[in-house]
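One letter stands for each residue in the lines below.
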Amino acid sequence: MNLDLLKETFVGFIRARGMDRHFGRLGMDMFRSSPLTKDVPQTIAQSLVSASQIELSVLLGQLNTRTDGLTEQEAETIRDAVGPNEVEHEKPMTWWMHLWHCYKNPFNLLLTVLAAVSYYTEDMKAAIVIGSMVILSTLMRFIQESRSNTAADKLKEMVSNTATVIRHDMVQDIAAEAQRYFDITLHPKGAKRIELPIKKLVPGDIVQLSAGDMIPADLRLIAAKDLFISQAAMTGESLPVEKFIDHRGADASNPLELDNLCFMGTNVVSGSATAVVLTTGKRTYFGALAERVTATDRTPTAFQSGVNKVSWLLIRFMFVMTPVVFFINGFTKGDWVEAFLFGLSVAVGLTPEMLPMIVTSTLAKGAVALSRKKVIVKRLDAIQNFGAMDVLCTDKTGTLTQDKIFLERHTGILGEPNDEVLQYAYLNSYYQTGLKNLLDVAVLEHAELQREMALASTYRKVDEIPFDFQRRRMSVVVSEREDHHELICKGAVEEIVSICTHARNNGEIVPFTPELLAEIRETTASLNSEGLRVVAVAAKDLPPTKETYSVADESDLVLIGYIAFLDPPKESTKPALAALRAHGVTVKILTGDNELVTAKICREVGLEVEGMLLGSQVEKMSDAELSEAVGKTTVFAKLSPTHKERIVRVLHDKGHVVGFMGDGINDAPALRAADIGISVDTAVDIAKEAADLILLEKSLMVLEEGVLEGRKTFANMLKYIKMTASSNFGNVFSVLVASAFLPFLPMLPLHLLVQNLLYDVSQISIPFDNVDKEFLEKPQRWNPGEIGRFMVFFGPISSIFDISTFALMWYVFGANSPEHQTLFQSGWFIEGLLSQTLIVHMIRTRRIPFLQSRASWPLMGMTLIIMCIGIIIPMSPLASYFKLQALPLSYFPWLLVILLAYGALIQVMKGWYTRRFGWQ
């Protein structure tokens, strides 16, 4: 068993295909260093090998199933015994483990150490206040995350992958018994096909597979037709492998090398099959691997890395400033114990202990808000990327257009009306069992097809050659009379023409000539220029000598004509594109469709086409050439899945945050490559699995609303970080000045702690704050350097007014000796808390607060309450408990002047800062 290759490729490919979002971000290094031979238990490997070798009838007997499936009652009984079909990923934590997880962040651990030191130095009040801060931070995060997880689970239940399962109909058994005992003939409908959530599959279920399906469990094939499976997640082999109902290779002890087994975690590239479920959940080959690797640490996402950088910026600042404060106070005051406690209090003040709670609650609120806009968030961290997205790559069908295609014309090879081509197209769409797309649906629903429906009943299906994205065509073989077979092929015009040698023109079969080919190209181009999607139809007669056909039989065909489809644009597309453009998102169209059709649709919806590239041109370009071209190109047409993926990667490498919206199997590689993959609830399984966000409505208008919500979420997180960083920096700067010149402490450790606790409480409502319109106009990203500059710039401004308060208390109110230090400390306690709270409203916007930009009512109410509490504490009987005293009423007019001056200077400096550096 090639476990070295397996181990190397498993983590990387899981992450690349987007499955880390389902199974958790995996720690690649830890996975590689784990015991290699223990990743897959031998019992699982041996049982799979055994299941591939025994007779199918014996295997079905061992699984207590039949070719037409289990009954619902049988499946329920098995499910109760074996459990749901889920791998061991991200088991919900018990409440006490979750509580511990919420507690054990660097901020809380640091505060706990400070509380313990306060306790052992007999400063019980400080220990109680610090302990209260830890409890508040932990409980708030615990409550918010619990609510977030509950909401996320409910949202994810709205989007689930399903499998097509065959259910045995009990009526058949009743009919057999009636015939046997009572000689009564009943006519049951037979087995039924149902769509079942993958987690409800059980061993013994019979499932049907087609292109785009995820393999839902470990399977043994019962029937297969041109079935190609991508096993790269398991083997590292990038090319799909063909599967058969029997193993055709040499004897193999490695289940992955067996031709008649399919494995959970892989997906169908093309073809169709019927299979029986062997094992589910953690007993699958994939489940055994996932159980090992999901136990490792996760690699932080870009969003988490940004939060971590900001956190460590503040922590490093704390480690530098705290010793400085300690030594200055120790040398100037001579009381080293008091200086030590004061230094600890400064360290607490510099600790943004509410950051984890603010981030969690803001993301959770954003996810719930997005769900109201019909956007389901599969991974909370994706919200930030949603707001940062500056390039959106999307397909055309169903996004710019209505996702409802109409069969507009059916013509001969030179554009004349032709009913025969419609009959051939109907037979092809009717008998194919692979992935039916919107074109097939339009053919089958066409109003003129009553005759064709009757016609189809006279035919018998012999075989089919499924669609794939290399050939871009599919064929069925049918027989009306047993004296011959008819191969009917439909697909992209250029692909069909390439396998034809003749054409049917006015009832006559004529050979291809250069002149005829030129007329064919002119006819199809004319249809395309009208905005019609053109599909060619060809056929040929074959002798009834075989029942199995392959791609090799798609040759020497006769071109019958074309079916042309109208895919009209949505009414909402034009305003949605204008709104995205206004909000700094560039839209690029990546489509496999014809360039003439795409250009016409773009003109109709007001999307200016600056440049156009075809897949054939992309193929010939180097990465450097493509990198230069993508910035000048709006439409990319006739693309293969690998072309889409390459374009997305090149845009990402140019520094863009790229979103990709798609719903087909051909979109899955690009969804994985994008910074944020966006799919829809009606997408194929592999596309939904690779996506970060699922739209319940395939509309650019919904997407634009989601982008704005993502930016609001990011804005409110950034507010807390900027407020906390600048406020804390200013406080420490003020403390340094006061410590150097005052004969006593400017505030006692208890005062600093209470002030910090009250300030933290005032921040709880930030996730519910309003966001200025101009902040939503352009994409936003993490910039730790900008936060550091903001902190250093605005922090010292508050110190100017802190020092003014020092002067006020020293010279005006005579608090200039250790005997009057309580009065001094009470004056700065109120001014410091009110200015800290005021800064919330000043820094949350670059406009004039309260007049041009108002905070949300929860934030306004919370800050007002905290300001009142800050004034009441020194002015009430509680003052002595906190070692404060009541201030003379003459203090408050001075306080009002200081706060108004502070606000005015901040407003002036905001204008200068915005002009110089911009306002994030």
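Preceding this section is the structure that the text describes.
Counting starts from 1 at the beginning of each chain's written sequence and moves along it residue by residue. Reporting in this predicted model follows two pLDDT cut-offs: at least 70 for local features of residues, and 80 or more for side-chain atom pairs to be given and counted; totals over whole chains, interfaces and linings ignore these cut-offs and use all residues. Heavy atoms throughout the structure, all of them, feed into the side-chain values; hydrogens and water do not.

K.L.:
Help me get a handle on the packing of aromatic side chains, residues and values and all.
P.N.:
Here a ring pair, both rings aromatic, is described through the centre-centre distance and the interplanar angle of the planes. A pair of Phe, Tyr and Trp rings is counted when the ring centres sit within 6.5 Å of each other, with Trp represented by its six-membered ring. The angle between the planes then sorts it: under 30 degrees is stacked, over 60 is edge-to-face, the rest tilted. With the rule as written, the count across this model stands at 32 aromatic pairs. Here phenylalanine 326 and phenylalanine 340 contribute two aromatic rings whose centre-to-centre distance is 6.1 Å and whose plane-to-plane angle is 85°, an arrangement assigned as edge-to-face. On the criterion of sequence distance, the pair formed by phenylalanine 326 in helix α13 (residues 302-333) and phenylalanine 340 in helix α14 (residues 336-349) is long-range, its members being 14 residues apart. Clustering of aromatic rings is evident, with ring pairs tying together Phe790, Phe793, Phe794, Trp912, Tyr913, Phe917 and Trp919. Helix numbering and strand numbering both begin at the N terminus, where a helix is a DSSP run of H or I of at least 4 residues and a strand a DSSP run of E of at least 2.

K.L.:
Outline the pairing of strand β15 (residues 508-511), supporting the account with residue identities and numerical values.
P.N.:
Two strands pair under a simple rule: DSSP has to find at least two bridges between them. Two elements, strand β14 (residues 500-505) and β15, share four bridges in a ladder whose sense is antiparallel. Bridge pairing in β15 links histidine 502 to proline 511. Joining the antiparallel neighbours β14 and β15 is a turn of two residues, in which asparagine 506 adopts a positive phi near 55°.

K.L.:
Can you tell me about the sheet that holds strand β23 (residues 693-695), naming the residues and giving the values?
P.N.:
One key point about sheets: their strands pair by backbone hydrogen bonds, in either a parallel or an antiparallel sense. Pairing in this open sheet of eight strands is mixed, and the strands run β8-β23-β22-β21-β9-β18-β20-β19 from one edge to the other. Each edge of the open sheet carries a strand with a single partner, namely β8 (375-377) and β19 (612-614). Recorded for the sheet is a direction-independent mean angle of 20° between the axes of neighbouring strands. Examined bridge by bridge, β19 and strand β20 (residues 635-637) share three bridges and lie parallel to one another. Orientation is described by axes fitted as lines to C-alpha atoms, over the contacting stretch for helices, and by angles from 0 to 180 degrees between their N-to-C directions.

K.L.:
Explain helix α4 (residues 42-53) to me, using residue names and the numbers behind them.
P.N.:
Working rule for helices: expected span equals 1.5 Å times residues minus one. Over its 12 residues, α4 extends 17 Å from the first C-alpha to the last, a length consistent with the 16 Å expected when each residue adds 1.5 Å. Exposure is judged per residue with a 1.4 Å probe applied to protein chains only, and the accessible area is read against the type maximum: over 50% gives exposed, under 20% gives buried, and values in between give partly exposed. Those residues of α4 not exposed but buried are Ile44, Ala45, Leu48, Val49, Ala51 and Ser52. All buried residues of α4 fall inside an arc of 160° around its axis, so they share one side. With respect to the buried face of α4, the exposed residues turned more than 90 degrees away are Thr43, Gln46 and Gln53. Picture the helix axis, draw a direction to every C-beta atom, and the arc is the one those directions span.

K.L.:
Explain the environment of lysine 638 to me, using residue names and the numbers behind them.
P.N.:
When you line up the elements, lysine 638 lands in the loop between β20 and α26 (641-653). Each C-alpha atom of the pair lysine 638 and glutamine 617 lies 9.9 Å from the other, and the pair is 21 residues apart in sequence. Here lysine 638 is in contact with Glu494, Thr591, Gly592, Asp593, Asn594, Glu595, Gly615 and His643, once residues within four sequence places are set aside. Any pair of residues with heavy atoms lying within 4.5 Å of one another is described as a contacting pair.

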